[in-house]
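Letter by letter, the chains look like this.
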Amino acid sequence: MESKKTHLKELEAESIYILREVAAQFERPAILFSGGKDSIVVTHLAYKAFYPAKLPFPLVHIDTGHNFVETLEYRDALVKRLGAELIVGSVQESIDTGRVKEETGFNASRNALQTTTLLDTIEKYKFDACIGGARRDEEKARAKERIFSHRDDFGQWNPKNQRPELWNIFNGRKNIGEHFRVFPISNWTEMDVWQYILQEGIELPSLYYTHTRKVFQRDGQWLAAEDCIKRRPDEVVVEKEVRCRTIGDITCTGLTLSKAHSLEDIVAEIAATRVTERGGRADDKRSETAMEDRKKQGYF
């Protein structure tokens, strides 16, 4: 138990150091807040890094218009509790103004459309660093990321042109119009995140705990039976006890059959599972390089 606490303490110290480096090196940084557990942990770390001062970064949420109600309720309650600034970029507004075109059909999703809304929001508010909760263990494209990940003046990422990061020295120099994505919990694993949430007693959206929900099965995944997902005639809606391991747009967030009603239950469940965290994300299955392709275009 002591070794686990020491391990988490080292990870926390590294993340807090990174967050303070961001505050020191950039003029207009922000936290990309999805309402998922990783962005919640990043926000918690930022709160600890600068306490008792006010959180120095606004929270930026890219709202697809197809978010779980529980996520939005949690977001608003957290912003109020922290006294933080909230900036919302609307995918629906991007659609209405012709910036993006809504997908159609049974597999339609607004997840990929977030990229344009995010880049427009970054440009509008002149953010020079966007702090995210991505971790290297999540997905092979994210494993290639530096902690300070450079984006060009089009908001694009080039995995073959990244800066070395030796001895925790981070280079935030950039040209006008460029920005950085910063990932303070890059070196954490999913288990680290859950053990830290348990240790710190961090409140989470109820979606992460087992609850009864109307769902249907598609391509081996359980999806929420919500109006924003067009169902095929043979896709039958049933009630199941499920929870989310990762939270995103409803249309691509797979649900896990579960009996985990507490943080202790979740830690035990994660320790026993052989399915990856993003194994239930439909957006990662559109192609072999789906995540990397989206990241090159400016995705999270």
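See the structure printed just above.
Residues numbered from 1 in each chain as written. Predicted model: local features only at pLDDT ≥ 70, side-chain atom pairs only at ≥ 80, totals over all residues. Heavy atoms only, no water.

Peer 1: Give me the sheet that holds strand β5 (residues 148–151): which residues, what numbers.
Peer 2: Through backbone hydrogen bonds, the strands of a sheet pair up, either in parallel or in antiparallel fashion. Strands sit in the order β3-β2-β1-β4-β6-β5 across an open sheet of 6 strands; the sheet is mixed. Every other strand in the sheet has two partners, leaving β3 (86–90) and β5 as the edge strands with one partner each. Neighbour to neighbour, the strand axes of the sheet diverge by 30° on average, direction disregarded. Contacting β2 (59–63) and β3, helix α3 (residues 69–82) runs over the sheet at an angle of about 150° to β3. (Pairing = 2+ DSSP bridges. Helix = DSSP H or I, 4+ residues; strand = E, 2+ residues; numbered from the N terminus. Axes fitted to C-alpha atoms, helices over the stretch in contact; angles between N-to-C directions. Contact = heavy atoms within 4.5 Å.)

Peer 1: With reference to specific residues and values, describe the side chain of Thr253.
Peer 2: Inspection of the secondary structure assignment puts Thr253 in the loop between β9 (238–243) and β10 (256–257). Within the structure, the side chain of Thr253 is placed 3.0 Å from the backbone nitrogen of Gly248, a separation counted as a polar contact. A polar atom in the side chain of Thr253 sits 2.8 Å from the backbone oxygen of Asp249. (Polar contact = N/O pair within 3.5 Å; in protein donor to acceptor, adjacent residues only side chain to side chain.)

Peer 1: Explain the pairing of β2 to me, and be specific about the residues and the numbers.
Peer 2: The buried fraction of β2 amounts to 5 of the 5 residues, a majority that puts the element mostly inside the structure. Bridging between strand β1 (residues 29–32) and β2 involves 2 bridges; their strand directions are parallel. If you follow Leu32 over to β2, its bridge partner there is Val60. Following the chain from β1 across helix α2 (residues 37–50) to the adjacent parallel β2, one finds a crossover that is right-handed. For the handedness criterion, the β-α-β arrangement of β2, α3 and β3 is classed as right-handed. (Buried < 20%, exposed > 50% of the residue type's maximum accessible area, 1.4 Å probe, protein only. Right-handed = clockwise from strand over helix to strand, strands pointing away.)

Peer 1: Tell me about the packing of helix α6 (residues 190–200) against helix α7 (residues 263–272), and please be specific about residues and values.
Peer 2: Relative to each other, α6 and α7 sit at 165°, their axes nearing to 10 Å. Considering their axes alone, α6 and α7 lie roughly antiparallel with respect to each other. Handedness of the crossing formed by α6 with α7: left-handed. The residues of α7 that touch α6, namely those facing Glu190, Met191, Trp194, Gln195, Ile197 and Leu198, are Leu263, Glu264, Ile266, Val267, Ile270 and Ala271. Across the contact of α6 with α7, the residue classes tally to 9 nonpolar, 1 polar and 2 charged. (Parallel < 35°, antiparallel > 145°, perpendicular 65-115°, else oblique. Left-handed = near helix turned anticlockwise from the far one by under 90°. Nonpolar A, V, L, I, M, F, W, Y, C, P; charged D, E, K, R; others polar.)

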